[in-house]
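Understanding the architecture of this molecule
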Amino acid sequence: MRLPFTAGVWSKCGFREWHRGGFRRATVAVARVGVDIDVHSYAQNGERRPYTTWRSRYALGFKPPMCPLLTAAIRLIIRAGFDKIATMINYVDQISVEDYNGLRKAVGWAELERKQAETGIKNSVFFVAAVSEDRTVGMARIVGDGGYIAYIADVIVLPEFQGNGIGKALMQKCIGFLKESLQEGQQYFVNLVASPGKEPFYEKFGFNVRPNEKEGAGMTQRIYFDAAGRNR
Ligand SMILES: CC(C)(COP(=O)(O)OP(=O)(O)OC[C@H]1O[C@@H](n2cnc3c(N)ncnc32)[C@H](O)[C@@H]1OP(=O)(O)O)[C@@H](O)C(=O)NCCC(=O)NCCS
C-alpha cells in the first residue's frame, strides 16, 4: 500500500536517501501504523517502540535534527497505532497447554511436561491471557496460598507483539485482581523473579529490586527428575 507521498516530499522534510527500499519500508511503516516493520530486529535487540528510537529512525533514513515536527507527527501516529493494537487484544482466563508451551518456547523458556503444565494453569489463583484474532499472544498468572503470599509468574508476550502495551495490560490485570480481592486489614506479599534486564518493566508496577536495604536477594533452585528416575 502506498501513501500519497513522493520521495521528493520526504527528502524536503528531512529524510535522506529515499531509495526505493527505504521509502517503501517507511511507507509501509506509516501505512500499517507502526505494526510490523523491523519488528524482529527490535525484538531481538531488546528495543521497543522501534520507530520512536533514533537508531531506527536513522535506519529508515531519517535525519532527526532537521525535522522535529515530522518526527513528532510520526511518533504520534505510531503511538496511536500501538494503542490501537493494545485495545484490539481480547483478554481471556484460560488457554490450552499447547498455547502455554508455545508462549514459553517463543521467549526461549523450557516447555513443560503436559500434566505439570495443565495442573499449573488449573491451580493458578489468577490467570489472564491476551488473544489476537484467535491467536494467544501473551499471558500472566498468579500463584500463591490464596492468603498472604502471591507470586506473579509466566509473564510472557510473543516477541512480535512486544512493545504494544500488552505486557502492561497483563500486569495491570494481575495487580488489579490482588487489589480488588484484599479486604480491610489485609495485605499481600507479592513476589516474582525478573528475567535479566526486565527489572525496569516490573518497577513500573511497584516492584522493588532485591537485594535492597530491607530485603536480601531472592533465591531459587530447580529440582529435576532425570531419565534414570532419580531426583536431582
Ligand atoms: C517483559 C515483557 C512481558 C514486556 O511485555 P511488553 O508487551 O513488551 O511490554 P509493554 O509494551 O506493555 O511495556 C509496558 C511498559 O514497560 C516498559 N518496558 C517493557 N519492557 C521493558 C524493559 N525490558 N526494560 C524497561 N522497560 C520496559 C515499556 O517501556 C512500557 O513503558 P510505558 O508504559 O512507560 O510506555 C516482554 O518483553 C516479554 O514477554 N519478554 C520475554 C519474557 C520475559 O522475559 N518475561 C518476564 C519474565 S520475568
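The structure this text deals with has already been given above.
Within any chain, residue numbers begin from 1 and follow the written order of that chain's sequence. For this predicted model, a pLDDT threshold of at least 70 governs which residues receive local features, and a threshold of 80 or more governs which side-chain atom pairs are given and counted, while totals over whole chains, interfaces and linings are taken from all residues.

Think of it this way: any DSSP run of H or I at least four residues long counts as a helix, any run of E at least two long counts as a strand, and we number them from the N terminus. Each helix and strand in the chain was counted, giving nine helices and five strands. Order of helices (α) and strands (β) in the chain, N terminus to C terminus: α-α-α-α-α-β-α-α-β-β-β-α-β-α. For the chain, with 232 residues in total, the buried portion stands at 21%. By the criterion used throughout, residues are in contact when their C-beta atoms, derived from the backbone, lie within 7 Å. Of all intrachain contacts in the chain linking residues separated by at least 6 positions in sequence, the fraction that spans at least 24 positions is 56%. Any residue with 12 or fewer other C-beta atoms within 10 Å of its own C-beta is exposed, any with 20 or more is buried, and the rest are partly exposed; the C-beta atoms used are placed from the backbone.

Glancing now at the environment of Thr119. Summarising the element assignment, Thr119 is placed in helix α7 (residues 114-122). With 22 residues separating them along the chain, Thr119 and Val97 place their C-alpha atoms 9.7 Å apart.

Whether a residue is near a molecule or strand depends on its C-beta atom, generated from backbone atoms, being within 6 Å of that molecule or strand. Taken together, 20 residues sit near the ligand, with Gln162, Gly167, Lys168, Ser195 and Pro200 positioned nearest. Going through the elements one at a time, β4 (149-157), α8 (166-181) and α9 (199-203) are the ones with two or more residues in the shell around the ligand. For the shell around the ligand, the residue count by class is nine nonpolar, seven polar and four charged. Polar here means any residue outside two lists: the nonpolar Ala, Val, Leu, Ile, Met, Phe, Trp, Tyr, Cys and Pro, and the charged Asp, Glu, Lys and Arg; Gly therefore counts as polar.

Right, let's get into the pairing of β4. We treat two strands as partners when DSSP finds at least two bridges between them. With six bridges joining them, strand β3 (residues 135-144) and β4 adopt antiparallel strand pairing. The residue bridging Gly144 from the neighbouring strand is Ala150, located in β4. The hairpin formed by β3 and β4 contains four residues between the paired strands, and Gly146 there has a positive phi angle of roughly 75°. Summarising the sheet, β4 and strand β5 (residues 189-191) pair through three bridges and their orientation is parallel. Among the inter-strand pairings, Tyr151 is bridged to a residue of β5, identified as Asn191. Note on handedness: a crossover is taken as right-handed if, strands pointing away from the viewer, the path from the first strand over the helix to the second is clockwise. Handedness of the crossover joining β4 and β5 through α8 is recorded here as right-handed.

Hydrogen bonding along the main chain pairs the strands of a sheet, whether they run parallel or antiparallel. Taken together, five strands build an open sheet; the order of strands is β1-β2-β3-β4-β5 and the sheet is mixed. One side of each edge strand has no neighbouring strand; the edge strands of this open sheet are β1 (90-92) and β5. Direction aside, the axes of adjacent strands within the sheet are offset by 20° on average. Pairing between β1 and strand β2 (residues 126-132): three bridges, direction antiparallel. What sits directly across from Asn90, in β2, is Val131. Strands β1, β2, β3, β4 and β5 of the sheet are contacted by α8, whose axis makes an angle of about 30° with β3. Only the stretch in contact is used when fitting a helix axis, every axis being a line fitted to C-alpha atoms; angles between N-to-C directions are given from 0 to 180 degrees.

Let's shift gears to the nonpolar core. Take the buried Ala, Val, Leu, Ile, Met, Phe, Trp, Tyr and Cys residues, join any whose C-beta atoms are within 7 Å, and the set you get is a nonpolar core. By size, the foremost hydrophobic cluster in this structure holds 22 residues, and its most contacted members are Val128, Ala130, Met139, Ala140, Ile166, Leu170 and Cys174. Looking at this core, the elements that each hand over two or more residues are α6 (97-106), β2, β3, β4 and α8. Examining the composition of this core, we find that five residues originate from one element, β4, more than from any other. Beyond its immediate stretch of four places on either side in the chain, Cys174 contacts Phe126, Val128, Ala140, Ile142 and Ile152.

This brings us to α8. The span one expects for a helix is its residue count, reduced by one, times 1.5 Å. For α8, built from 16 residues, the straight-helix expectation of 22 Å at 1.5 Å per residue is met to within 8% by its first-to-last C-alpha distance of 23 Å. Within the span of α8, buried status applies to Ile166, Gly167, Leu170, Met171 and Cys174. Down the axis of α8, the buried set is contained in an arc of 145°. They therefore lie on one face. In α8, the exposed positions angled more than 90 degrees off the buried face are occupied by Gly176, Lys179 and Glu180. Note: the arc covers the axis-to-C-beta directions of the helix.

Here the focus is the environment of Gly147. Note on placement: Gly147 falls in the loop between β3 and β4. Spatially, the C-alpha atoms of Gly147 and Gln187 are 8.8 Å apart, while their sequence positions differ by 40 residues.

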